[in-house]
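Results of the structural survey
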Amino acid sequence: MADVALSSPRAAPSRAANVWTYVRGHVWFVIAAVVVAAYVFAAAFAPFVAPFAPTEQDMMSFMAPPAWGPHLLGTDSFGQDLLSRTIYGARYALLIGLGAVLIGAGGGLVVGLAAGLIGGRVEWALMRLVDSLLALPSLIMAIAFISILGQGVDKVVLAVGVALIGPFSRTVRGDVLQVKAQPFVEAARLMGVGTLAIVWRHIIPNVIFPLAVQATIRVSYAILVSSGLSFIGIGVTPPTPDWGLMIAEGRSFVSFAPWIAGVPGAALAVLLIALSVVGDGVREQFDPKLKKEG
Amino acid sequence: MSMPSELFRLLDVEKAYDVGRKGGLFASGPRRRLAALDGVRLSLKAGESVAIVGESGSGKTTLLRVLLGLTSPSDGRALYREKDITLLQGEDRDRFCREVAMIYQDARGSLNPRMSILDLVAEPLDHHGLCKPSERRDRVAALLSRVGLPPEMMERYTSALSGGQVRRVAIARALASSPAVLVADEAVSGLDVSTQAQLLKLLRDLQREMGVSLLFITHDLGVAAYLCERIAVMYLGRIVETGLTKDVLSAPAHPYTRALLNAAPKFFEPIAEPLGGEIPSPIDLPPGCRFAGRCPEARDDCRASDPELVAGAPNREFACLHPLIGEPAFA
């Protein structure tokens with residue numbers, strides 16, 4: 001049969017050649033993935049990677065510029081090593097980013113599924129609630145939550161996470177409505193499959209992948225919002241080596257010691273860009289509809 | 001066995017939709033009804049193959065939805081093994097789900113893209129508890145080879161398959177629960193002719209070897225002639241002619257059937273003068289025969305009285321006051 005013969009497998013190239021072809025085709029994705037991996041590594045092994053403890057003060061050098069020596073990226077106004085603080089800061093950034101996205105995506109999945117599946121008044125009520133959440137920028141929302149919850153890393157995770165439920169709910173609902181109308185859902189119903197099994201086997205798998213893709217992209221957004229909270233002084237409390245906080249501290253000296261704000265700022269910018277590129281790559285990779293054959 | 005030989009029976013099935021008043025929100029006219037199906041009588045016996053043909057808008061899809069129990073008729077009864085389809089419960093409903101398998105026009109859309117071919121074909125087996133977990137792979141392999149696909153394909157996803165392969169998977173899945181009836185909606189349209197021919201041959205072989213009934217919805221008379229012993233021609237929510245496919249297509253009684261036949265292109269012949277106009281709106285039909293406005297044979301009485309589907313010849317029914325063969329229905 002012609003249509004069968006067409007798909008017979010070609011001679012499989014060697015594994016190394018495969019990897020090389022992949023790297024060549026996805027240069028930016030690979031670079032970004034390496035960068036993200038480096039941040040994760042640095043965060044996980046901060047005590048071993050960082051030359052100093054994050055709050056250790058060097059009484060001999062305040063606001064020292066980046067130079068070859070003990071303080072490669074310089075020190076801040078308290079004589080704390082910027083490289084070490086930035087490395088420890090990656091812990092908070094990644095923790096807050098991942099935690100907030102997990103809360104946002106989890107909550108969004110529940111709300112979106114409920115709205116998309118139940119429909120009617122429930123959907124109307126949920127989506128108007130989401131609309132009102134979306135009417136405020138996430139940062140403002142997070143500020144509101146922080147003012148209720150109080151300060152601290154866990155509070156920031158919760159506040160940013162809740163602020164993200166809105167956008168996640170909206171996409172999940174849209175995907176649910178789209179998947180629900182697919183013939184395979186009707187086919188399952190004709191087969192006699194019950195509603196819960198249809199949701200579990202046919203609808204959730206088809207909304208969870210786009211959700212995961214959106215989550216990887218939103219991690220960077222969550223980090224940005226949490227840094228924003230710290231920057232305006234209501235997120236994480238000093239002397240925690242949080243990037244937003246470090247940028248805020250360095251702000252007063254930016255004209256004559258730009259590295260104090262610049263180093264954590266650059267660390268933040270590079271991580272955000274790398275995460276976005278990885279997010280896009282993940283979408284291409286795991287969406288079978290976007291994936292190219294061969 | 002006291003089992004009735006008829007699987008499906010439609011008794012004067014009517015499906016009407018309320019489409020509101022003419023002129024929109026503030027109109028005051030009478031409410032209008034759209035009759036998607038209007039007095040459809042049809043039966044499908046075990047092992048029989050019936051083609052339903054008609055233009056788009058003729059009610060084929062509504063008929064299909066009624067047969068599958070997705071919509072209930074607004075009047076008349078739709079029966080499966082002598083029980084109302086939309087009222088089936090418990091054991092009867094399980095049996096209906098197991099015995100009636102659907103092959104969709106959009107084969108790719110009817111298969112969950114996140115499930116492997118193995119899981120897709122095995123889903124009816126799993127759902128109806130038709131095989132032990134240890135036999136699952138073998139059963140799926142057997143089904144795949146039955147439709148001409150290599151068993152290695154099990155691990156793949158539909159996104160990696162060609163259009164013809166996807167249709168074969170859909171057929172394998174439909175066969176999994178050993179159904180009594182295959183309902184196919186344009187199952188071979190939109191494919192290149194060689195693939196179409198392979199699938200048609202496959203369906204015909206399956207129908208003959210497994211004794212499964214086939215209800216094939218199509219707009220292609222050639223496909224209907226190849227696959228089905230009986231044919232029902234639909235026009236505007238009604239069956240206007242039915243009988244053995246070879247009789248109907250060799251000597252159509254209803255002018256609409258003849259027009260359909262003439263509209264199919266033939267080798268080396270100019271296409272006959274096509275039927276004028278389009279299928280009229282099924283809202284607020286004028287009295288008389290619903291085909292009268294487009295019928296080249298229409299006479300005065302056609303515009304006055306609406307012909308019923310009656311036996312006009314052995315094994316043959318048509319709804320026409322002035323049929324092209326035999327005795328007129330109302331002589």
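Note that the coordinates shown come from a computational prediction; the quantities given were computed from them, not determined experimentally.

As for the overall build of chain A
Tallying secondary structure elements over chain A gives 12 helices and 0 strands in all. Start at the N end of chain A and walk to the C end: the helices and strands fall as α-α-α-α-α-α-α-α-α-α-α-α. The principal-axis extent of the C-alpha atoms belonging to chain A is close to 80 × 55 × 30 Å. A total of 294 residues make up chain A; the buried ones form 38% of that total. Considering only intrachain contacts with a sequence separation of at least 6, the fraction spanning at least 24 residues in chain A is 69%.

Considerations on the overall build of chain B
What chain B contains, in helices and strands, is 9 helices and 12 strands. Computed over the C-alpha atoms, the radius of gyration of chain B is 21 Å, within 12% of the 20 Å expected from 2.2 N^0.38 for a compact globule of 331 residues.

Examining the pairing of strand E4 (residues 75-80) of chain B
For a regular strand, side chains alternate in direction, first toward one face of the sheet and then toward the other. Residues and elements named next belong to chain B. Looking at chain direction, E4 and strand E5 (residues 83-84) are connected through 2 bridges and run antiparallel. Considered in E5, the bridge of Leu79 is made with Asp84. The turn joining E4 and E5, which pair antiparallel and follow one another in sequence, is formed by 2 residues; a positive phi near 45° is taken by Arg81.

Remarks on the environment of B:Asp306
All names here are of chain B. On the secondary structure map, Asp306 appears in the loop between helix H9 (255-263) and strand E11 (310-313). Since 18 C-beta atoms lie within 10 Å of it, Asp306 is described here as partly exposed. C-alpha of Asp306 to C-alpha of Thr158: the two residues are 148 residues apart in sequence and 48 Å apart in space.

With respect to the interface of chain B and chain A
The partner chain A presents 19 residues to the 28 residues of chain B that form the contact. Of all the secondary-structure elements, those providing two or more residues to the side of chain B that touches chain A are helix H2 (90-99), helix H3 (117-128), helix H5 (163-175) and helix H6 (193-210) of chain B. Class assignment for the residues of the side of chain B that touches chain A results in 11 nonpolar, 12 polar and 5 charged.

Observations concerning the packing of H5(B) against H6(B)
When two helices pack together, their arrangement is captured by the angle between the axes and the distance separating the axes. Residues and elements named next belong to chain B. Interaxial distance between H5 and H6 falls to 10 Å at its minimum, and their mutual angle equals 10°. Taken together, the axes of H5 and H6 lie roughly parallel to each other. Residues Gly164, Arg167, Ile171 and Leu175 of H5 pack against Thr195, Leu199, Leu202 and Leu206 of H6. Per-class residue counts for the contact of H5 with H6 are 5 nonpolar, 2 polar and 1 charged.

Quick notes on the packing of helix H8 (residues 153-180) of chain A against helix H10 (residues 195-231) of chain A
All names here are of chain A. Between H8 and H10, the shortest axis-to-axis distance is 9 Å and the interhelical angle comes to 155°. Classified by the interaxial angle, the pair formed by H8 and H10 is roughly antiparallel. Note that H8 runs across H10; the crossing there is right-handed. Mapping the contact onto sequence places Val156, Val160, Leu164, Phe168, Thr171, Val172, Asp175, Val176, Val179 and Lys180 in H8 and Ile203, Asn206, Val207, Pro210, Leu211, Gln214, Arg218, Ala222, Val225, Ser226 and Leu229 in H10. Here the residues of the contact of H8 with H10 are counted per class, giving 14 nonpolar, 4 polar and 3 charged.

Thoughts on the pairing of strand E3 (residues 49-53) of chain B
Residues and elements named next belong to chain B. The element E3 is extensively covered by neighbouring structure, given that 5 of its 5 residues are classed as buried. Judged by which residues are buried, E3 turns out to be covered on both faces: Ser49, Ala51 and Val53 on one side and Val50 and Ile52 on the other are all buried. By the bridge criterion, 5 bridges tie E3 to strand E8 (residues 213-218) in an arrangement that is parallel. The residue bridging Val50 from the neighbouring strand is Leu215, located in E8. When E3 meets strand E9 (residues 230-235), the two strands line up parallel, connected through 4 bridges. The partner of Val50 across the bridge, within E9, is Arg230.

Structural notes on unusual backbone geometry
Residue and element names in this part refer to chain B. In this model, Asp12 sits at a positive phi of 45°, which is unusual for a non-glycine residue. By the element assignment, Asp12 lies in strand E1 (residues 6-21). Backbone geometry places Glu186, a non-glycine residue, at a positive phi of 45°. Position of Glu186 relative to the elements: it lies in the loop between strand E7 (181-185) and H6.

A short note on the sheet that holds E9(B)
All names here are of chain B. Spatially, E6-E7-E8-E3-E9-E10-E12-E11 is the arrangement adopted by the 8 strands of the open sheet, whose pairing is mixed. Among the strands making up the open sheet, the edge pair consists of strand E6 (100-103) and E11. The average angle at which neighbouring strand axes cross in this sheet is 25°, direction not considered. Two elements, E6 and E7, share 4 bridges in a ladder whose sense is parallel.

Considerations on the confidence of the model for chain A
In regions of low pLDDT, the predicted coordinates are not meant to be interpreted in detail. Residue and element names in this part refer to chain A. Of all residues in chain A, 93% have pLDDT values of 70 or greater, and the mean over the chain is 85. The element-level mean pLDDT for chain A is lowest in helix H1 (residues 2-5), coming to 45, with helix H5 (residues 82-118) highest at 93. Confidence drops under pLDDT 50 across residues 1-9; counting only partners more than four residues distant or on other chains, this segment forms 11 contacts.

Topic: the nonpolar core
Counting 161 residues, the largest nonpolar core has A:Val160, A:Ala222, B:Val121, B:Val169, B:Ala172 and B:Val233 as the members making the most contacts within it. Here this core gets 15 residues from one element, more than from any other, and that element is H5(A). With sequence-adjacent residues up to four places away left out, B:Val121 is seen in contact with B:Val140, B:Leu143, B:Leu144, B:Val169, B:Ala172, B:Arg173 and B:Ala176.

Here's the deal with the confidence of the model for chain B
Of the residues in chain B, 94% reach a pLDDT of 70 or more, and the chain-wide mean stands at 86. The complex prediction reports pTM at 0.79, with the ipTM value standing at 0.84.

Digging into H5(B)
Residue and element names in this part refer to chain B. Here H5 is 13 residues long and its end C-alpha atoms lie 19 Å apart, about the 18 Å a rise of 1.5 Å per residue gives. Counting buried residues in H5 gives 12 out of 13 residues, a clear majority hidden from the surface. Buried within H5 are the following residues: Gly164, Gln165, Val166, Arg167, Arg168, Val169, Ala170, Ile171, Ala172, Arg173, Ala174 and Leu175.

Comments concerning the environment of A:Arg173
Residue and element names in this part refer to chain A. Structurally, Arg173 can be placed in helix H8. For the pair Arg173 and Val111, spaced 62 residues apart in sequence, the C-alpha to C-alpha distance is 7.9 Å. Excluding residues that lie within four positions of it along the chain, Arg173 makes contacts with Gly112, Ala115, Gly116 and Met127.

Some thoughts on the environment of A:Leu95
Summarising the element assignment, A:Leu95 is placed in helix H5. When the C-alpha positions of A:Leu95 and A:Ala44 are compared, they lie 10 Å apart, and in sequence the two are 51 residues distant.

Analysis parameters
- Residues numbered from 1 in each chain as written.
- Chains lettered and ligands numbered in written order.
- Predicted model: local features only at pLDDT ≥ 70, side-chain atom pairs only at ≥ 80, totals over all residues.
- Helix = DSSP H or I, 4+ residues; strand = E, 2+ residues; numbered from the N terminus.
- Buried ≥ 20, exposed ≤ 12 C-beta atoms within 10 Å, placed from the backbone.
- Contact = placed C-beta atoms within 7 Å.
- Rg over C-alpha atoms; globule rule 2.2 N^0.38 Å.
- Pairing = 2+ DSSP bridges.
- Nonpolar A, V, L, I, M, F, W, Y, C, P; charged D, E, K, R; others polar.
- Axes fitted to C-alpha atoms, helices over the stretch in contact; angles between N-to-C directions.
- Parallel < 35°, antiparallel > 145°, perpendicular 65-115°, else oblique.
- Left-handed = near helix turned anticlockwise from the far one by under 90°.
- pLDDT = per-residue confidence, 0-100.
- Core = buried A, V, L, I, M, F, W, Y, C linked by C-beta atoms within 7 Å.
- Expected span 1.5 Å × (residues − 1).

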